[in-house]
Amino acid sequence: MSFLQRRAAPLLRPSTASLRCKRPSSSLALAAALKEHAPIDIHPEVQEALAHSQPVVALETTIVTHGMPYPANLETARSVESNVRKAGAIPATIGLIEGRVKIGLEPHELERLADVRKNTSVVKLSRRDVGPAIALRRDGGTTCSATLIFSALAGIKVFSTGGLGGVHRGAESTMDISADLHELTRCPVGLVSAGVKSILDIGRTLEYLETLGVPVVSYGPTDDFPAFYSRSSGFKSPWRVDDPVSAARVLHTQKQFGMSNGALFAVPIPEEYEAVGQELQRAVEQAVLESEANGVSRRGKEATPWLLKRVGELTAGKSLASNIALIENTALVGGQIAVAYSQLAKERHPKTSHPHVVQSSPSPTVDASPAATESAELQPAKLVIVGSAAVDITARADPVPGATGANTNLHTTAPGEVALTAGGVGRNVAEAAHRILTSYSKDHSSLTALVSPIGDDPFGQLLVSETKQVGLRTDGFISVPKARTAVCNMVLDSAGGLIGGVADMDVIRTLDAAKIIHVLEKHNPRLLAMDANMSHETLKSLVLYANKRNIHTFFEPTSVPKSTAIFPAVAAALNAVSTDQAPVTFATPNVLELAHMYQEACASPLELTAHRYWWQVVDEMGLGPEFRMELDQLARRSAFDEEDVRKGNLSFLVDNGIAQMAINLLPFFQHLVIKCGERGLIAAFRVSGEKAVSSAWATHSSNIFAREIVARSRSGHSVVVFKHFPAIQVAEDKIVNVTGAGDSLVGSMLATLAQNPNAFEEPEALDRLVAQAQLAAVYTLQSEHAVSPRLSTLADL
């Protein structure tokens, strides 16, 4: 139990630092920064939201590192993130950890910045501090100015904070003006705050914002400009709105005209805190006088934290309560504005009209709803795959004559090649499975069914046509009226590097579980595979349906952000399944997806590892010191077929917590196949109940030379297998395409399991399953197609 209860911390810290944005972002500036290897890490949840134009609100961290005492600072940061979520948006708390900009913080990273008693060297980051702090690998809390910079870089349109910096009192002689004001002229972000800090010269701040051309908009029933602790400063704003949609229109209009400046939305503190506002303001005036007397007012960025602390002392903590209330309020308003902006951007975006698709060869006219004529002619499928089908459009520019590098700065059209192919995770996996099954027998041509939504448009017709051409049945396509078929449009430079693109994948989330279940009832398959592109509710319905009918389920995580989409389904199934059979039968994460899944299983509100079911399964597995000893022995083996450990060994299984995380997830996933890149595959699974007694693994022992650990419980009713399979090595000059190899690997596994659902319970069958899957992946690596046609010849080997 001590082994299982460890939380695999060695991997979790480096893994979250390495979950970097690798897909097209909404911001070209971010893409350029990442191309220069800028030290920026975007949280998977934020990355996912930005990629799909969902509402995101940026949050600063100076209030955490320098604005409040511990633990009130941590509690407030969590509360502010919660308020953003309540409004329907995704919080992106921005900070600096060991010299890396974090756009969205993990819980342990937020705690690290908040605990200033231990982290005494954390710095306050404005524009001037970004370069030095990153170069020296420091931790830092971002001020308004730094948060604006990174918000604009990531394409985040709304930023909520407590109070904006401004013109300091006596600035006519000290020239002390906050960098926040100038940043609003450079960053097209809506800053939502309770006005400017009341320790400042509010009148001159408003005059300066007018000079800079930054719109100041009061948000509420009057045009009074708030004074942080008070709902009115005695000054008026030039503009007023009283709802999030109007505020969003301001930002959207500026975007339409390509304006580079932001806007200030001044939100008054909640009315119940107005009563103490006058008392707090008197304390502010006293603190300002003291700062002028003791010289603190002339110490630059040290002045504000000192003044806020002194006001807190003078008011016996009342200012802290007001400070928390106003930042929680601006977070809620900021979330509402972000939601309204997201909706407005979608509504105002011109409706796309898909072009007519010219086929390269004559093909019959295809009905976008082909099920009517085809399904009656085919036998029920044994394997049903539910997931995305999309048209991939790839545009690659020709090299520039005489240029030494790729032409990355394309601000106009350029000569090149444009390719249009059928793709999507679900479709690719289905094609791979179909090709392999039919390589064994033409009678297997109808064993695989793909269920995916398409629009009633030319792209939908293309997908049906291309799917038919490879011999895969099309009766699982579901035509969605007025929807657009999924399209991923990518623009590459002459070297093949991604410049940018647009992924229009919304149709997959419109797929209704009831329609899928109708298809399943027609087939009654032995295996149901799902990719992570569907909604949580759809996945939940499918898992519960399959469990009730003893249909094996197979989950492909697709990406780090989507890898936990299956967890609501797992949580819903825990009270209805026996400990002998996990809610999900198979899952195929890579190491980063595994880390994210494990962390969410432990820390998310679902609290999966706190569930009684998890503890029961862990107790039944009964792993102890012997398993750990054998794991340490396995870790010393080479990660490659050759026993040359200088090329790399399997120590990452222990050092990075791979084994610990996999074992901890086995109560939820009966079989895990972990993709480790060039270091091969890990199969981790459990055989429980009567199967544990009758399975071939019941008589197997651990064999470190065969890279396998077999652990049996004392009762004999649980067997845990942990086995490594080295990768097939492929020379770099032989690799043509890396995008479809994982899909081919999964499709091959599904083809084997459709014929032999118990392949994992037979050691020799498992070896054959993995060998074929790895070969399928290699074939696609060496092919220009998303799925190599050579998969149709695998049975000949």
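Residues numbered from 1 in each chain as written. Predicted model: local features only at pLDDT ≥ 70, side-chain atom pairs only at ≥ 80, totals over all residues. Heavy atoms only, no water.

Peer 1: So, the overall build of the chain: which residues are in play, and what are the values?
Peer 2: Per the secondary structure count, the chain includes 30 helices and 25 strands. Burial status across the chain gives 56% buried among its 797 residues. When contacts within the chain are restricted to residue pairs at least 6 apart in sequence, long-range pairs at least 24 apart make up 75% of them. Carbon and sulfur atoms provide 52% of the accessible area of the chain, an area that totals close to 33,400 Å². (Helix = DSSP H or I, 4+ residues; strand = E, 2+ residues; numbered from the N terminus. Buried < 20%, exposed > 50% of the residue type's maximum accessible area, 1.4 Å probe, protein only. Contact = heavy atoms within 4.5 Å. Areas by Shrake-Rupley, 256 points an atom, 1.4 Å probe, with all protein chains shown as cover.)

Peer 1: Can you tell me about unusual backbone geometry, naming the residues and giving the values?
Peer 2: In this structure, the amide linkage connecting Y70 to the following residue, P71, adopts the cis form with an omega of 5°. Along the chain, the position of P71 falls in the loop between α5 (62-67) and α6 (72-86). With a phi angle near 55°, R137 is a residue other than glycine that sits in the positive phi range. Along the polypeptide, R137 turns up in the loop between α8 (127-135) and β6 (140-142). Its relative accessible area of 65% is what places R137 among the exposed residues. Of note in this structure, N524 is not a glycine but carries a positive phi near 50°.

Peer 1: Just give me the short version of a negative patch on the surface, but keep the residues and values in it.
Peer 2: A surface patch of negative charge is lined by D580, D619, E620 and E690. Turning to its location among the elements, D580 is positioned in the loop between α22 (567-573) and β21 (584-587). What makes D580 partly exposed here is its relative accessible area of 36%. (Patch = residues over 30% accessible without salt bridge, like charges linked within 9 Å, V, L, I, M, F, W, Y side chains within 5 Å. Salt bridge = Lys/Arg side-chain N within 4 Å of Asp/Glu carboxyl O. Lys, Arg positive; Asp, Glu negative; His and termini not counted. Charge placed at Lys NZ, Arg CZ, Asp CG, Glu CD.)

Peer 1: Can you lay out the packing of helix α18 (residues 425-440) against helix α29 (residues 741-755) for me, pointing to particular residues and giving the numbers?
Peer 2: α29 packs onto α18 with a crossing angle of 50° between their chain directions and a minimal axis gap of 7 Å. Judged by the inter-axis angle, α18 sits oblique to α29. Judged by the sense of rotation from one axis to the other, the crossing of α18 with α29 is right-handed. Contacts between α18 and α29 involve V425, N428, V429, A432, A433, I436, L437 and Y440 on the former and, on the latter, D743, S744, V746, G747, S748, L750, A751 and Q755. (Axes fitted to C-alpha atoms, helices over the stretch in contact; angles between N-to-C directions. Parallel < 35°, antiparallel > 145°, perpendicular 65-115°, else oblique. Left-handed = near helix turned anticlockwise from the far one by under 90°.)

Peer 1: Hey, could you go over the packing of helix α20 (residues 513-523) against helix α21 (residues 536-548) for me, with residue numbers and the actual values?
Peer 2: Contact geometry of α20 with α21 gives a least axis separation of 9 Å together with a crossing angle of 30°. It follows from the interaxial angle that α20 and α21 lie roughly parallel. Crossing angle aside, the handedness with which α20 passes α21 is right-handed. Contacts between α20 and α21 pair A513, I516, I517, L520 and E521 from the former with T538, S541, L542 and Y545 from the latter. Of the residues that constitute the contact of α20 with α21, the class distribution is six nonpolar, two polar and one charged. (Nonpolar A, V, L, I, M, F, W, Y, C, P; charged D, E, K, R; others polar.)

Peer 1: Explain the sheet that holds strand β24 (residues 708-712) to me, using residue names and the numbers behind them.
Peer 2: Judged by pairing direction, the sheet is mixed, and its ten strands sit side by side in the order β16-β15-β12-β19-β20-β21-β22-β23-β25-β24 without closing on themselves. The open sheet terminates on both sides in strands that have one partner only, identified here as β16 (477-480) and β24. Direction aside, neighbouring strands of the sheet carry axes that sit 15° apart on average. Across four bridges, the pairing between strand β15 (residues 448-455) and β16 is parallel. For I454, the partnering residue across the bridge sits in β16 and is S479. In this fold helix α25 (residues 625-635) packs onto β24 and β25 (718-725), with an angle of close to 180° to the strand it touches most, β24. (Pairing = 2+ DSSP bridges.)

Peer 1: Any chance you could break down the pattern of salt bridges for me, citing the residues and the numbers?
Peer 2: Tallying each qualifying case throughout the model produces 26 salt bridges. The partner of R240 in a salt bridge is D242, and the shortest N-O contact between them spans 3.6 Å. Linking D767 and K723 is a salt bridge whose minimum nitrogen-to-oxygen distance equals 2.8 Å. Of the two residues, D767 is situated in helix α30 (residues 763-781) and K723 in strand β25; the sequence distance between them amounts to 44 residues. Ionic contacts of the salt-bridge type, sharing partners, join the residues D41, R100, K102 and E109 into one network.

Peer 1: So, the pairing of strand β4 (residues 100-103): which residues are in play, and what are the values?
Peer 2: Residues of β4 alternate between two faces, with R100 and K102 on one and V101 and I103 on the opposite face, all of them buried. Bridging between strand β1 (residues 40-42) and β4 involves three bridges; their strand directions are parallel. Residue pairing across strands places I42 opposite I103, the latter belonging to β4. Pairing of strand β3 (residues 90-97) with β4 involves four bridges; the strand directions are antiparallel. Counterpart to L96 in the pairing with β4 is V101.

Peer 1: Can you lay out the packing of aromatic side chains for me, pointing to particular residues and giving the numbers?
Peer 2: A complete count under the given rule lists seven aromatic pairs for this structure. Ring geometry for F586 versus F760: centroids 5.4 Å apart, planes at 45°, classification tilted. Of this pair, F586 sits in strand β21 while F760 sits in the loop between α29 and α30, and the two are 174 residues apart along the sequence. Accessibility expressed as a relative area gives 2% for F586, which makes it buried. Its relative accessible area of 2% is what places F760 among the buried residues. (Phe/Tyr/Trp six-rings, centres within 6.5 Å; stacked < 30°, edge-to-face > 60°.)

Peer 1: Give a detailed account of the environment of V158, specifying residues and quantitative values.
Peer 2: Along the chain, V158 falls in strand β7 (residues 158-160). Considered as a pair, V158 and A248 are 90 residues apart in the sequence and their alpha carbons are 9.2 Å apart.

Peer 1: Tell me about α21, and name the residues and values.
Peer 2: It helps to recall that an α-helix has 3.6 residues per turn; residues three or four apart then point in one direction. Across its 13 residues, α21 extends 19 Å between first and last C-alpha, which sits within 8% of the 18 Å expected from 1.5 Å per residue. Along α21, the residues that are buried comprise T538, L539, L542, V543, Y545 and A546. The buried residues of α21 occupy an angular sector of 165° when projected down its axis, which confines them to one face. Relative to its buried face, α21 has exposed residues pointing more than 90 degrees away, namely E537 and K548. Packing partners of the buried residues in α21 comprise β12 (383-386), α20, β19 (527-531), β20 (552-556) and α22. (Expected span 1.5 Å × (residues − 1). Arc of directions from axis to C-beta.)

Peer 1: Before we move on, can you summarise the confidence of the model for the chain with the specific residues and values?
Peer 2: The predicted coordinates should not be examined in detail at positions where pLDDT is low. For the chain, the average pLDDT comes to 85, and 87% of its residues sit at 70 or higher. Scored below 50 in pLDDT, residues 1-26 shows 78 contacts in the model against residues more than four places distant or in partner chains. Segment residues 350-373: pLDDT under 50, and 30 contacts once partners within four positions in sequence are set aside and those in other chains are kept. (pLDDT = per-residue confidence, 0-100.)

Peer 1: Which residues make up the side chain of Q772, and what values go with them?
Peer 2: If you trace the backbone, Q772 turns up in helix α30. When its relative accessible area of 12% is taken as the criterion, Q772 is described as buried. Contact partners of Q772, with chain neighbours within four places excluded, come to I436, Y440, S748, T752 and L794.

Peer 1: Explain helix α9 (residues 144-154) residue by residue, including any values.
Peer 2: Across the eleven residues of α9, ten count as buried, placing the element largely inside the fold. Residues C144, S145, A146, T147, L148, I149, F150, S151, L153 and A154 constitute the buried set of α9. Among the residues trailing α9, G155 stands out with phi positive, at a value near 85°.

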